[in-house]
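# Observations on the three-dimensional arrangement
As a plain string of letters, each chain reads:
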Amino acid sequence: MLHLTVRTRLIISYIAIFLAPTLITLVLLVSAALGLYTYARNGNHLMAESSFQFNAIAQGVHTAVFHYIRHSGIEADFAWAVELIDPVQNYVVVDQDGKPFYVYGNDKLAPAVRFLREKGIVDKVDRKKARSIFNMQENGAYYFLEKQEIQGHAYHLFLVSHEMPPGSDSAIEEAVRGTLKVLAGIFLFCLIGAAWFLSKFIITRITKPLVALERGAKKIKNGELDYRISYDRHDEFTPAIQSFNLMTAKLEESLLERERQDENRKELIASISHDIRTPLTVIKAYVEGLLDRVADTPEKQRQYLELISGKTNVLEDMIEQLFLLSKMDLGDRAVHMETVDLAKEVVRAVEEGRESWARDGGRLSLQLDGALPIKGNPLLISRILANLIGNSIKYKTAPETHITIACWEAYDHVHMTVTDDGPGVPEEALSRLTEAFYRTDKARSRTENGSGLGLAIVDRAVHMMGGSVQVKNAEPHGLEIQIVLPMA
């Protein structure tokens, strides 16, 4: 199927505007000629009532005669045109080099031709010209003489016509007037039809996509964000409709993301409320125990205070993690990125915390591959390592856990893995470990083991530095965190 653009349709319509009237005029002229010919062939002939009408007849006859003599030389080719005039009131002679070869009409008018020859008018007309014309009116008759030189021969056309009384061919004039009225009506009808067709030809291609866009806008207004405009053409409206569909898709995606964020926000608030309430309840209980003198010995009082201190540390760590998470949500406005050596930052962070992690049962080993420049932030790198190492220690099931940190360069990227030999996590939980407040402990009763924000912060921090995070279980057991960052 041929698809035309609006521009192409406009060009076609402009061309048609010029061609249509011309074609209509040609059709009308041909129709008039055919009608006139049919009228004459049915026994009706043309007669001259005035010099104007005689001149019109003479022009038609001489055009037909000399055209066909010049191109074919066959008598029958112009006889039909000559025979349109009345054979009683007219007399036509065509000769070649002074010898007649075609005669038509009333022989009683032959003396008029001899009169023209005897008066020497023929000689006056020739005068060595390739073409000359003689036309006159005398004694109620009209005379027409034309001479042309064609292919070395001299041809003469004689036309003599008696002047008819005015109104004698009223039937012909009435027929002509009627024909002209009909032709004018047909011309007007064809012109209006052509204008209507061309307007429809263009307007439908403009209004159809506009209606589709309007319908789409109403659908979106009514909340039908999954609505898309189907448009199989390729014209000026295609980019607009594609943009509309893209805008609708983005709007739907944005609203779905907003709903998801609202759900996450509700879950976040519920998780924060739960995780803060648990240590606060413990702190309140032990404070009340101290006030009610349940701890009546220095040992019990010290034990209570240590428990209160531990829960306070849990709250402090949770608030610090939340603050960092909120800070990272602000992006570059709160966390500045610079070119740093990942290997150097890993060594610094590990050396700073090695002793503390060792007391908690964490044994660390490093596998570094020279300088590894990346675009990052030293504090974020330290937090990433602290959270990953801290998680491995918190969730260990043996007295000690061995943690290996490896860094290397590959294909313009820096790879870092943090692997432990702990219990690992269920396969169905791997994809959700980076969600805020998600724990594999469904009862959420072990808040002392973490706030559920550690891996969420790791994921946010890595993405801020342009990298990606993947979590998988290690063999034969344990957890492996794979981080890939672009090189600076």
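The rules behind each value
- Residues numbered from 1 in each chain as written.
- Predicted model: local features only at pLDDT ≥ 70, side-chain atom pairs only at ≥ 80, totals over all residues.
- Heavy atoms only, no water.
- Helix = DSSP H or I, 4+ residues; strand = E, 2+ residues; numbered from the N terminus.
- Expected span 1.5 Å × (residues − 1).
- Buried < 20%, exposed > 50% of the residue type's maximum accessible area, 1.4 Å probe, protein only.
- Polar contact = N/O pair within 3.5 Å; in protein donor to acceptor, adjacent residues only side chain to side chain.
- Core = buried A, V, L, I, M, F, W, Y, C linked by side-chain atoms within 4.5 Å.
- Contact = heavy atoms within 4.5 Å.
- Axes fitted to C-alpha atoms, helices over the stretch in contact; angles between N-to-C directions.
- Parallel < 35°, antiparallel > 145°, perpendicular 65-115°, else oblique.
- Left-handed = near helix turned anticlockwise from the far one by under 90°.
- Pairing = 2+ DSSP bridges.
- Nonpolar A, V, L, I, M, F, W, Y, C, P; charged D, E, K, R; others polar.
- pLDDT = per-residue confidence, 0-100.
- Patch = residues over 30% accessible without salt bridge, like charges linked within 9 Å, V, L, I, M, F, W, Y side chains within 5 Å.
- Areas by Shrake-Rupley, 256 points an atom, 1.4 Å probe, with all protein chains shown as cover.
- Salt bridge = Lys/Arg side-chain N within 4 Å of Asp/Glu carboxyl O.
- Phe/Tyr/Trp six-rings, centres within 6.5 Å; stacked < 30°, edge-to-face > 60°.

## Digging into helix α10 (residues 378–394)
For α10, built from 17 residues, the straight-helix expectation of 24 Å at 1.5 Å per residue is met to within 8% by its first-to-last C-alpha distance of 24 Å. Of all the positions in α10, only Leu380, Ile381, Arg383, Ile384, Leu385, Asn387, Leu388, Ile389, Gly390, Ser392 and Ile393 are classed as buried. N-cap assignment for α10: the residue whose side-chain oxygen lies 2.9 Å from the backbone N of Leu379 is Asn377.

## A closer look at the nonpolar core
Soluble, globular proteins show a tendency: their nonpolar side chains are buried together. Core analysis: the biggest nonpolar cluster contains 37 residues, and Leu342, Ile384, Leu385, Ile405, Met416 and Ile483 have the highest contact counts within it. Residue assignment for this core shows that the elements contributing at least two residues are α9 (342–359), α10, β9 (401–410), β10 (413–420), α11 (454–464) and β12 (479–486). It is α10 that contributes the most residues to this core, seven residues altogether. Ignoring anything within four residues of it in the chain, the contact list for Leu385 reads Val346, Ala349, Gly390, Ile405, Met416 and Val418. Of all hydrophobic cores here, the second largest spans 24 residues; its members include Ile85, Phe144, Tyr155 and Leu157.

## Overview of the packing of α9 against α10
The geometry of α9 relative to α10 is characterised by a closest axis approach of 10 Å and an angle of 45° between their N-to-C directions. Comparing the axis directions of α9 and α10 gives the class oblique. At the point where α9 passes α10, the crossing takes the right-handed sense. Contacts between α9 and α10 involve Leu342, Glu345, Val346, Arg348, Ala349 and Trp357 from the first element and Pro378, Ile381, Ser382, Leu385, Ala386, Ile389 and Ile393 from the second.

## Remarks on the sheet that holds β9
Reading across the sheet, the five strands line up as β7-β9-β10-β12-β11 and stay open at both edges, with mixed pairing between neighbours. Taken across any chain shown, the strands that pair with only one partner, and hence form the sheet edges, are β7 (362–368) and β11 (468–473). Averaged over neighbouring strand pairs, the angle between their axes works out to 15° when direction is ignored. When β11 meets β12, the two strands line up antiparallel, connected through six bridges. When the bridges of β12 are listed, Lys472 appears paired with Glu480. Where α9 meets the sheet, it contacts β7, β9, β10 and β12, and its direction lies at approximately 165° from that of β7.

## A short note on the packing of α10 against α11
Geometry of a packed helix pair, given as the angle between the helix axes and the separation of the axes. Viewed as axis vectors pointing N to C, α10 and α11 meet at an angle of 150°, and their least axial separation amounts to 9 Å. By the criterion of interaxial angle, the relationship of α10 to α11 is roughly antiparallel. α11 is crossed by α10, and the crossing has left-handed handedness. Each of Leu380, Arg383, Ile384, Asn387, Leu388 and Asn391 in α10 lies in contact with α11, whose residues at this interface are Gly454, Leu455, Ile457, Val458, Ala461 and Val462. Class assignment for the residues of the contact of α10 with α11 results in eight nonpolar, three polar and one charged.

## Notes on the confidence of the model for the chain
With 78% of its residues at a pLDDT of 70 or more, the chain has an overall mean of 79. For the chain, per-element mean pLDDT is lowest for helix α5 (residues 121–126), which scores 62, and highest for β10, which scores 95. Low pLDDT, under 50, characterises residues 442–448; the predicted model gives this stretch twelve contacts beyond four residues in sequence or across chains.

## Structural notes on the environment of Ala58
Along the chain, Ala58 turns up in helix α2 (residues 51–71). Linking Ala58 and Val82, residues 24 residues apart in sequence, is a C-alpha distance of 9.7 Å. In contact with Ala58, other than residues within four places in its own chain, are Phe144 and Leu159.

## A look at a nonpolar patch on the surface
A cluster of nonpolar side chains, namely Leu19, Leu23, Leu26 and Leu29, defines an oily patch on the protein surface of about 400 Å² accessible area. Mapped onto the fold, Leu19 is located in helix α1 (residues 6–41).

## Regarding unusual backbone geometry
With an omega of 0°, the peptide bond running from Glu475 to Pro476 counts as cis. Relative to the elements of secondary structure, Pro476 occurs in the loop between β11 and β12. Of note in this structure, Arg293 is not a glycine but carries a positive phi near 60°. Position of Arg293 relative to the elements: it lies in the loop between α7 (238–291) and α8 (298–329). Residue classification places Arg293 among the exposed residues on the basis of a relative accessible area of 69%. Although it is not a glycine, Tyr411 adopts a positive phi angle of roughly 55°. Here Tyr411 shows up in the loop between β9 and β10. Classification of Tyr411 as exposed rests on a relative accessible area of 80%.

## A look at the packing of aromatic side chains
Under the criterion given, the structure shown has three aromatic pairs. A ring pair is formed by Phe54 and Tyr142, whose centres lie 5.0 Å apart and whose planes are at 20°; its orientation type is stacked. Residue Phe54 is found in helix α2, and its partner Tyr142 is found in strand β4 (residues 141–150); the two are separated by 88 residues along the sequence. No difference in accessibility class separates Phe54 from Tyr142, as the two residues are buried. Taken together, a centroid distance of 6.2 Å and an interplanar angle of 80° make the contact between Phe101 and Tyr155 edge-to-face. With Phe101 in strand β2 (residues 99–105) and Tyr155 in strand β5 (residues 153–162), this residue pair connects regions lying 54 residues apart in the sequence. Judged by relative accessible area, which is 10%, Tyr155 ranks as buried.

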